[in-house]
Amino acid sequence: MTTTATAPAPNPALVSDEARIDFWARQAGRLDWSTPWHTTHRWQPPTAVGTEPDGTVRWSVPEIGWFEGGTLNVAYNCVDRHVEAGRGDHVALYVEGEPGDRRTYTYAELQREVARAANALLSLGVEAGDRVVIYLPVIPETVIATLACARIGAVHSLVFGGFSAEALRFRVEDTGAKVLVTTDGQFRRGAAVPVKAAADEAVSGDNAIEHVLVVRRTGETDIPWTPGRDLWWHDVLAGQSDVHVPQPFDAEAPLFIIYTSGTTGRPKGLVHTMGGYLVQAAYTHALLFDLLPETTGDDGVARPDELAAVNDPVKVDRTVHWCTADLAWVTAHTYEIYGPLANGVSEVLYEGTPTTPHPGRHFEIIERYGVTTYYTAPTLVRSLMAAFFDGVPATYDLSSVRLLGSVGEAINPEAWRWLRAQVGAGTAPVVDTWWQSETGATILSPRPGDAQFDDGAAPKPGCATRPVPGVSVRVVDEHGAAVAPGEHGLAVVDKIGPSMARTVWGDPQRYLDSYWRAFAAQGWFLAGDGAKVDADGDIWILGRVDDVINVSGHRLSTIEIESALVAHPWVVEAGVAPTADARTGHAITAFVVLHDGVPLTDVAPALRAHVSREIGPIAKPAHVVIVPDLPKTRSGKIMRRLLTQLFEGTELGDTTSLQNAPAIPAIAAAVTSWKDNS
Ligand code: PRX
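This report concerns the structure included in the present document. On a predicted model such as this, the values are computed, not experimentally measured, just so you know. (Residues numbered from 1 in each chain as written. Predicted model: local features only at pLDDT ≥ 70, side-chain atom pairs only at ≥ 80, totals over all residues. Heavy atoms only, no water.)

1. Section: the side chain of Glu336
- Checked against the element boundaries, Glu336 lands in helix H11 (residues 330-342).
- One buried charged residue, Glu336, remains without a salt bridge, the closest side chain of opposite sign being Arg188 at 13 Å.
- There is a polar contact of 3.0 Å between the side chain of Glu336 and the backbone nitrogen of Cys323.
- Sequence-distant contacts of Glu336, defined by excluding residues within four places in its chain, comprise His321, Trp322, Cys323, Leu327, Thr331, Glu347, Val348 and Leu349. (Helix = DSSP H or I, 4+ residues; strand = E, 2+ residues; numbered from the N terminus. Buried < 20%, exposed > 50% of the residue type's maximum accessible area, 1.4 Å probe, protein only. Lys, Arg positive; Asp, Glu negative; His and termini not counted. Salt bridge = Lys/Arg side-chain N within 4 Å of Asp/Glu carboxyl O. Polar contact = N/O pair within 3.5 Å; in protein donor to acceptor, adjacent residues only side chain to side chain. Contact = heavy atoms within 4.5 Å.)

2. Looking at the sheet that holds strand S34 (residues 623-626)
- Spatial strand order, S32-S33-S34: 3 strands in an open sheet with mixed pairing. Two strands lie at the open edges of the sheet, namely strand S32 (571-581) and S34, each paired on one side alone. Along the sheet, successive strands turn relative to each other by an average axial angle of 25°, direction set aside.
- Direction of pairing for strand S33 (residues 585-594) relative to S34: parallel, over a ladder of 4 bridges. Across the sheet, the residue bridging to Ala590 is Val624, located in S34.
- Most of the contacts of helix H16 (residues 558-566) go to S32, to which it runs at about 140°, and overall it touches S32 and S33. (Pairing = 2+ DSSP bridges. Axes fitted to C-alpha atoms, helices over the stretch in contact; angles between N-to-C directions.)

3. A few points about the pattern of salt bridges
- If you walk through the whole model with that rule in mind, you get 41 salt bridges.
- Between Arg20 and Asp17 there is a salt bridge, with its nearest N and O atoms 3.1 Å apart. A residue pair is termed a helical-turn pair when its members lie 3 or 4 positions apart in one helix, as Arg20 and Asp17 do in helix H2 (residues 17-28) at 3 residues.
- The class of Arg20 is buried, set by a relative accessible area of 4%.
- According to the relative accessible area criterion, Asp17 is partly exposed, its value standing at 36%.

4. Re the packing of helix H4 (residues 107-123) against helix H5 (residues 140-152)
- Contact geometry for H4 and H5: axes closest at 8 Å, N-to-C directions at 65°. Along this stretch, H4 crosses H5, giving a crossing that reads as right-handed. Listed contacts from H5 to Leu110, Glu113, Val114, Ala115, Ala117, Ala118, Leu121 and Leu122 of H4 are Ile144, Leu147, Ala148, Cys149, Arg151 and Ile152.
- When its residues are assigned to classes, the contact of H4 with H5 shows 12 nonpolar, no polar and 2 charged. (Left-handed = near helix turned anticlockwise from the far one by under 90°. Nonpolar A, V, L, I, M, F, W, Y, C, P; charged D, E, K, R; others polar.)

5. Section: the packing of aromatic side chains
- Here the structure, examined in full by the defined rule, presents 33 aromatic pairs.
- Taking 5.0 Å as the distance between ring centres and 65° as the angle between the ring planes, the aromatic pair formed by Trp37 and Phe67 counts as edge-to-face. Residue Trp37 is found in the loop between H2 and strand S1 (39-44), and its partner Phe67 is found in strand S4 (residues 63-68); the two are separated by 30 residues along the sequence.
- Residue class for Phe67 comes out buried when judged on its relative accessible area of 0%.
- Measuring from centroid to centroid gives 5.7 Å for Tyr335 and Tyr375, while their planes differ by 85°, and the two rings are edge-to-face. Placement of Tyr335 in helix H11 and of Tyr375 in strand S22 (residues 373-376) is noted, with a sequence separation of 40 residues between them. The same class applies to Tyr335 and to Tyr375, which are both buried.
- A connected cluster of aromatic rings, assembled from ring pairs, spans Trp43, Tyr511, Tyr515, Trp516 and Phe525.
- Cation over ring: Arg216 sits above Trp232, and NZ or CZ is 4.5 Å from the ring centre.
- Lying over the aromatic face of Trp540, Lys532 brings its terminal NZ or CZ to 5.9 Å of the ring centre. (Phe/Tyr/Trp six-rings, centres within 6.5 Å; stacked < 30°, edge-to-face > 60°. Lys NZ or Arg CZ within 6 Å of the ring centre and 35° of its normal.)

6. A short note on the pairing of strand S8 (residues 131-134)
- Sheet topology places S8 next to strand S9 (residues 155-158); 4 bridges connect them, and they run parallel. Of the residues in S9, the one forming a bridge with Arg131 is Val155.
- Chirality of the crossover, the property in question, places the unit of S8, H5 and S9 among those that are right-handed.
- Bridging between S8 and strand S10 (residues 179-183) involves 3 bridges; their strand directions are parallel. Across the sheet, Ile134 pairs through a bridge with Val181, a residue of S10. (Right-handed = clockwise from strand over helix to strand, strands pointing away.)

Here you go:
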């Protein structure tokens, strides 16, 4: 049966549980398995197991399994099988360093490098199940080290280079990693910045690290070195064979741990597994970045066949994909490392900042490599827009771009229109992909073949539209009832796909409490985002409803930043709230109550530097407002929503739970005087 353009294939998740599970079983056929699975899906929802001391129901932690009994090797699926299929000469990576150095890796070269790195890790005693923390910039060694871990069954955890030594230390200790892979330094905004000293600081405490592997990137001399523990990456790889026979691992074996900010000061290590994650990463990459074969409907219009379990080889061959995210974020795990490589496309890896040495660097790269699919974040689009307000100069040839993608936060209509008009020649579809570290792969997104992208059709800029096949989403009130069209509700995933995180590393109770407790009776996953459904049934994401701030698409916990601020000797109390910002979407604004006698000059730079040291530069408050008090509920919880409203000068919402209402005018006055002086 062919799918018609006028009647698209129904989402199997909306047909029946059986159809959904069969659909994912078919998609798993995209991969090469060493042993077939015996159980496609196992789902043990939270179950009432008693009563908590406070009288509420005690729930069991849910259990999720996909493709149980099956075994596979993830790195083999991303690299070797393409070589075996005769595509060894096809380019896997076009690498461009910030200083302008370039290198190309074919799939055959990538296979040899990954094999050498796998042998190197084995020679250091790394075994299946051991953890390896990777603290590297966007360089080929990051992809190679990641795939080498996957190849030998070691669990990788990538840490963003912009995180501080403290943040790295937490991840090294929480994972119990045996090896840390890092660099001498990294290039950032045209300068070589040292990294190794921060890595040393992170591993200076009590931990399980046996070796620190150091990639030479900037050629720093005089870097700190601990003989025996520290080894140069190139030295360790030099003696290794470039052949390694991959072993199969259980589909449910952990592939990686990715940390994300939650509603407490302690980041959560989400655990993703080998089989289910790779299936959904590969399928959604093919679906959203237009690798699926076409089918022609009765009206003669060709549209991609959404449910196809194989790719169109011509589309695969001509794709040059570029996901601009840092490799340490989940975005790049799924749509720069695993999804595109599982599908055998070519892709660009660019080390540096988009504006170095000039604001047109991304356009230059698109032109140089003939990028066809450009997947980026709204904040980056806004900064390009600011630099090229009058349009991208005609000196850049962007005609290779066929498809655009956005992720990390809701994209504002102006940025969406600018991106489509300037980078996508006014015709490229824009896939606005909504998902999370927790879901592992996209949940909601328009499709490249959607009618909204047709000539003359009414587009929906900023709308994440509808679930990808095989998952389903509801927008509900706090009791789980569907909200009426246009009303605000909570986004829940009521039918999950195989790439859902299985647990929080070392803390299953937190997995239950954070994601499943709110709708335990229904067995729904609470995403933490507000949403609404429009009259066409399309879903719009409205942003976080919890204590998480989304800055430039990066998730940060208000409580984590507050904890850092109150650790400073000047600060008595701190409240951190998101405030609107034209470039970053939200800015971190800190409201601090200071000890008596603190000199009021230079407070902001000192506290910003302090947060930068404690967490990392991305967590630095944009604004620091000194206030006499913070709005609090009767139970002493800071009402951050009121801080945002006071700062933005909007009407204060519900204040009935305020414990210290009389303090509000004084806080408002402090905000006004801060604005007057800045
Ligand atoms: O608030 C949503 C926002 O980013 C959060 C997930 O952040 P993280 O786990 O770091 O993963 C980011 C990349 C997948 C979500 O809860 N978010 C992500 N994509 C979108 C979005 N908000 C609106 N529209 C999107 N397309």
